[in-house]
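Chain residues, written in single-letter form:
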Amino acid sequence: MALSSNPAFKNAAFGTGGAKVAQTAQGMTAEQLDELYGRPSAGPSETDRMSYEDVIMKTVATLALVLVGGAVGFFVPALAIPGAIAGFVLALVNIFKKKPSPGLILTYGFAQGLFLGALSGMLEAELPGIISQALLGTGIVFGVTLALFANGKIRESARATKIFMIAMISYALFSLVNFGLMITGINTDAWGLRSGEIFGIPLGLIIGPLVILMAAYSLVLDFTTIQEGVKNGAARILGWKAAFGLVLTIVWLYVEILRLIAIIRGSN
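Residues numbered from 1 in each chain as written. Predicted model: local features only at pLDDT ≥ 70, side-chain atom pairs only at ≥ 80, totals over all residues. Heavy atoms only, no water.

Student: Tell me about the packing of helix 7 (residues 130–150) against helix 9 (residues 203–231), residues and numbers included.
Tutor: Across the interface, helix 7 lies against helix 9 with an axial gap of 10 Å and an inter-helix angle of 45°. Taken as axis vectors, helix 7 and helix 9 run oblique relative to one another. In the packing of helix 7 onto helix 9, the handedness of the crossing is right-handed. On the side of helix 7, the interface is formed by V141, F142, T145, L146 and F149, while helix 9 contributes I212, A216, L219, V220, F223, T224 and Q227. Residues that form the contact of helix 7 with helix 9 fall into these classes: nine nonpolar, three polar and no charged. (Axes fitted to C-alpha atoms, helices over the stretch in contact; angles between N-to-C directions. Helix = DSSP H or I, 4+ residues; strand = E, 2+ residues; numbered from the N terminus. Parallel < 35°, antiparallel > 145°, perpendicular 65-115°, else oblique. Left-handed = near helix turned anticlockwise from the far one by under 90°. Contact = heavy atoms within 4.5 Å. Nonpolar A, V, L, I, M, F, W, Y, C, P; charged D, E, K, R; others polar.)

Given below as C-alpha cells:
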C-alpha cells in the first residue's frame, strides 16, 4: 500500500517508522510489554493542556502579588492613585491581549494591590477592623459560590448572562458619572451619589448588595470558562487568562464588600 503524502503522517509514528516500532515491540518480553502498557497516561502538564491545578497555582501566584502590593500600599497611601491607574491600564491590556502574558498579569496583580492596600489602609484608620471584615466577606461569597457551582446548584444561563451584561453596563456608567462628579467637586459626599438617600436609606446600601450578587454571578461565569477550558483541552498558557479573570472578579468583589461595610458602619 502506498504511503500517504500528507505531511502530518511523515513522522516516526507512521510509515517505515511505524514498522520499526512494531519490530521493536515484537522483540520485547511479556514483562516489558506489560510495564509499557501499564504506565499512566500523559497528564495535562505533559500534553501542555490546561488543568484545574495549573489554574489554581497561577491564581494563587497572582493573588500573592496582590497581597504584596497591598502591603506596600497599606504603608504608602500615596501609591493609591498610581496603583489605580496602572491597574486599570494593565487590566485593559490583559483583557484585549489575545495571547496572555504571565508578566503583565502578575504586574497587574501587584499594581492592583497597591491601590487596594492604600484604600484599605485609609478605611482601616477610620473604621478599625474593616479589612478583616471585607476579607471574611469576600472569602464567604467566593467559597459559597464555588461550592454551589461544584455541586451543580448554580449554572450560567443565556437569560441570566443577558441580564448580567445589562446590569454591568448600567453600573459602569453609574460609576463613571459618580467618579466624574467627585473629582470635579460637584459632589463632595464621601461616596458621591452612593451617599444620597432614598426614603432615608443611603443609595449605596441599595446598590451594594445587588453589585455583590453581580460579582458572584461573574464568578460563576469564571468557573464555567475554566471548566470548559479544561474539558476542551485548552492550551496551558490560557490558564493565565483564566487566573487573570478570576483575580479580576475577586478584586472587584472585595472592593464592593469593603465599600458596603464602610457605608453601613459610617451610617450608624
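Student: With reference to specific residues and values, describe helix 8 (residues 158–183).
Tutor: Over its 26 residues, helix 8 extends 37 Å from the first C-alpha to the last, a length consistent with the 38 Å expected when each residue adds 1.5 Å. Of all the positions in helix 8, only F164, Y171, F174 and N178 are classed as buried. Phi turns positive, to about 80°, at G185, one or two residues after helix 8. (Expected span 1.5 Å × (residues − 1). Buried < 20%, exposed > 50% of the residue type's maximum accessible area, 1.4 Å probe, protein only.)

Student: Which residues make up the nonpolar core, and what values go with them?
Tutor: Ranked by size, the top nonpolar core spans 49 residues in total, and within it Y108, I130, Y171, L253 and I257 carry the most contacts. Counting residues per element, the ones that place at least two in this core are helix 4 (52–75), helix 5 (80–96), helix 6 (102–126), helix 7, helix 8, helix 9 and helix 10 (238–267). Ranked by the residues each element gives to this core, the list is headed by helix 10, at 16 residues. For I130, the contacting residues outside a window of four places in its chain are L123, E124, L258, I261, A262 and R265. (Core = buried A, V, L, I, M, F, W, Y, C linked by side-chain atoms within 4.5 Å.)

Student: Report on the packing of aromatic side chains, specifying residues and quantitative values.
Tutor: A full pass over the atoms with the stated rule returns six aromatic pairs. Ring plane angle 75° and centroid distance 5.2 Å describe the contact between Y108 and F244, whose orientation is recorded as edge-to-face. Note that Y108 is positioned in helix 6 and F244 in helix 10, a separation of 136 residues in sequence. Take Y108 and F244: they sit in the same class, and that class is buried. On the basis of an interplanar angle of 25° and a centroid distance of 6.4 Å, the ring pair of Y171 and F174 is categorised as stacked. Separated by three residues within a single helix, Y171 and F174 lie in helix 8, roughly one turn from each other. Side by side, Y171 and F174 carry an identical accessibility label, which is buried. Note that R155 overlies the ring of F149, its terminal NZ or CZ placed 4.3 Å from the centroid. (Phe/Tyr/Trp six-rings, centres within 6.5 Å; stacked < 30°, edge-to-face > 60°. Lys NZ or Arg CZ within 6 Å of the ring centre and 35° of its normal.)

Student: Explain empty space enclosed by the protein to me, using residue names and the numbers behind them.
Tutor: Under the criterion given, the structure shown has one cavity of 30 Å³ or more. Around the largest cavity, the lining residues are Y171, R194, G204, I207, G208, E256, R259, L260 and I263. Put simply, the parts of the chain that give the lining of the largest cavity at least two residues each are helix 9 and helix 10. The residue makeup of the lining of the largest cavity, split by class, is four nonpolar, two polar and three charged. (1 Å grid on protein atoms, 1.4 Å probe; cavity = no way out; pocket = protein on both sides within 12 Å on 5 of 7 lines; lining within 4 Å. Points joined across faces, edges and corners; volume = space filled by probe spheres on them.)

Read these as spatial facts, not as claims about activity.
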